[in-house]
Amino acid sequence: MAAHLSYGRVNLNILREAARKELREFLDKCAGSKAIVWDEYLTGPFGLIAQYSLLKEHEVEKMFTLKAGRLPAADVKNIIFFVRPRLELMDIIAENVIGEDKQRSQRDFHILFVPRRSLLCEQRLKEQGVLGSFINIDEYILDLIPYDGDLLSMESESAFRECYLENDQTSLYHTAKGLMTLQALYGTIPQIFGKGECARHVANMMLRMKREFAGSQNQILPVFDSLLLLDRNVDLLTPLATQLTYEGLIDEVYSITNGYVKLPPEKFTQKKQGEGGKDLPTEPKKLQLNSAEELYAEIRDKNFNAVGSVLSKKAKIISAAFEERHNAKTVGEIKQFVSQLPHMQAARSSLANHTSIAELIKDITTSESFFDNLTVEQEFMTGVDTDKVNSYIEDCIAQQDPLIKILRLVCMQSVCNNGLKQKVLDYYKREILQTYGYEHILTLSNLEKAGLLKSQTSTRNNYPTIRKTLKLWMEDINEQNPNDISYVYSGYAPLSVRLAQLLVRPGWRSIEEVLKMLPGPHFEERQQLPSGLHKKRQQGENRTTLVFFLGGVTYAEIAALRFLSQMEDGGTEYVIATTKLINGTCWIKSLMDKLEAPPF
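Residues numbered from 1 in each chain as written. Predicted model: local features only at pLDDT ≥ 70, side-chain atom pairs only at ≥ 80, totals over all residues. Heavy atoms only, no water.

Note on aromatic pairs: each is described by the distance of the centres and the angle between the planes. Taken as a whole, this structure holds 16 aromatic pairs when the rule is applied. Ring plane angle 25 degrees and centroid distance 5.4 Å describe the contact between Phe 46 and Tyr 140, whose orientation is recorded as stacked. Taken together, the residues Phe 46 in helix α2 (residues 40-47) and Tyr 140 in the loop between β5 (134-139) and β6 (145-148) connect sequence positions 94 residues apart. On the accessibility criterion, Tyr 140 (2% relative accessible area) is buried. One aromatic cluster in this structure is built from Phe 26, Trp 38, Phe 46, Phe 82 and Tyr 140. The aromatic ring of Phe 523 is capped on one face by Arg 200, whose charged end is 4.1 Å from the ring centroid. Residue placement shows Lys 286 over the ring face of Tyr 260; its charged tip is 4.7 Å from the ring centre. (Phe/Tyr/Trp six-rings, centres within 6.5 Å; stacked < 30°, edge-to-face > 60°. Helix = DSSP H or I, 4+ residues; strand = E, 2+ residues; numbered from the N terminus. Buried < 20%, exposed > 50% of the residue type's maximum accessible area, 1.4 Å probe, protein only. Lys NZ or Arg CZ within 6 Å of the ring centre and 35° of its normal.)

Shown next as structure tokens:
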């Protein structure tokens, strides 16, 4: 099922297997038949670790979603709650348990906190009078979840908000713990580089944890040569821009959740002749997207403008392969053709799906509004008129376009201008509040706290210097056969990935001045390896770097890092880890708050 996790440079299946083993051990603690009550947010991430078949093997007979009121009827001995440590969820659990007690059902209750136990939550259960009803209270440490052969995510939806708005560093502690788990499985990472305040915190926690476990050094030859920790707020611009890779656009338009996307069904119906008036399906088409699918692995990281030609080439190859059946004359040839049939049919169905998705996305990318939006984004990135009120943004507000679209553009203008002049900022805020409602005043305040919206304090705008020194804008990009990472945004090279690229060659010393202009410290740490575990690199062997984005990463940045991994003379392969896979929309959404009217 998860073979694609072991295709990459680092076998991430080892991590998945370790997580499955722990899950099995916990389920076996609760002897007898079981029903699991899920915190809905966890079902997606868990689906990447264990399918229903694994749970069934361990006597899980029923599964319910956690909701207020009474639990559905189930003839089982154990009820296990799988939940995040959230106080509001404890109140629902208490209601469920009290409802069962009234029924006088002889059931055992267990609770599994993901990813950590919480004393506050246990205290809340005690106040509700149900703490004593639980036989097992445990934690399931699901920090880093393997999403693909080179991608890990914690799927912590509020990590950026917690770190930059609420000054809550819990997610950083989970990150450090997750990195310790990785090191236990894949060996100590000898070099740690980092940029940003959160990166510094994580590195400090890792080093402290390593000192605490000094006696239990693991004797594993290191798989990773280095770790690069990057704060999201070092590069606030990249997630705000519209991603232009195939996978990035699918995420921008339809949003990819836990490796799945839901699409409008009408493009995916097979119409047979004579069935003209048949009802069209209304359920969205759900597709899994990962490198296990050959075609998707080939096109996911391409600029969208290069996808069409690949699909038409593939169509010709597949139809030629099906035509081969006419040439099969002998029994041996027919047998060989039949043995290839399942693979060919899978390829044809995959091609049909991606052709439909590409058509859906093309309808959007060829629209006038998409083009206008992109033009303004690219003007901001190249420093055109970033210091005055933008007429396109004014028009969008007047037409009451979606608020998130407006916020992404205004924040982008602010970031590219190192803050807006006070009167420009005030004008935008006034227009937004008068058009979309005063309840959004909290959202604007949050965006200011996070550094996405700010008034210009110094007259100096560092962005042009950063852009020129790091070559963040490339004029002549080749979207079909790219030679630089800037193809993922059709001209703009993600600052975060450029930092990773320059770290390898020629090293950060060459950009010391620019690093000082970006927020937070930059640092390098070395971790001592037990003797005999120093890697002897073969001639021409690539180094492996784990890049960890604290606060979220976009699919376009992932595509850019994969591009660097595949470069002939790159010398480095990247594995990507993050607190959350994000796009500009869900990122801004995580910072939004609505003022609720007081209940008079």
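Our focus in this paragraph is the sheet that holds strand β11 (residues 260-263). Adjacent strands of a sheet form backbone hydrogen bonds with each other and so pair up, either parallel or antiparallel. Sheet architecture is open: three strands sit in the order β10-β11-β12, paired in antiparallel fashion. The sheet terminates laterally at β10 (256-257) and β12 (285-288), the two strands that pair on one side only. Summarising the sheet, β10 and β11 pair through two bridges and their orientation is antiparallel. Note that in β11 the partner of Thr 257 across the bridge is Tyr 260. (Pairing = 2+ DSSP bridges.)

Before going further, it helps to spend a moment on helix α15 (residues 391-398). Those residues of α15 not exposed but buried are Tyr 392, Ile 393, Cys 396 and Ile 397. Relative to the axis of α15, the buried residues are bounded by an arc of 140 degrees and lie together on one face. Turning to α15, the residues buried within the fold contact α14 (368-381), α16 (403-416) and α17 (422-436). Two residues or fewer after α15 comes Gln 400, characterised by a positive phi angle close to 55 degrees. (Arc of directions from axis to C-beta. Contact = heavy atoms within 4.5 Å.)

Inspection of every chain in the model, using the stated rule, returns 34 salt bridges. For the salt bridge of Lys 516 with Glu 513, the shortest nitrogen-to-oxygen distance reads 3.9 Å. Taken as a pair, Lys 516 and Glu 513 lie in helix α21 (residues 512-517) at a separation of three residues, close to a single helical turn. Residue classification places Glu 513 among the exposed residues on the basis of a relative accessible area of 55%. (Salt bridge = Lys/Arg side-chain N within 4 Å of Asp/Glu carboxyl O.)

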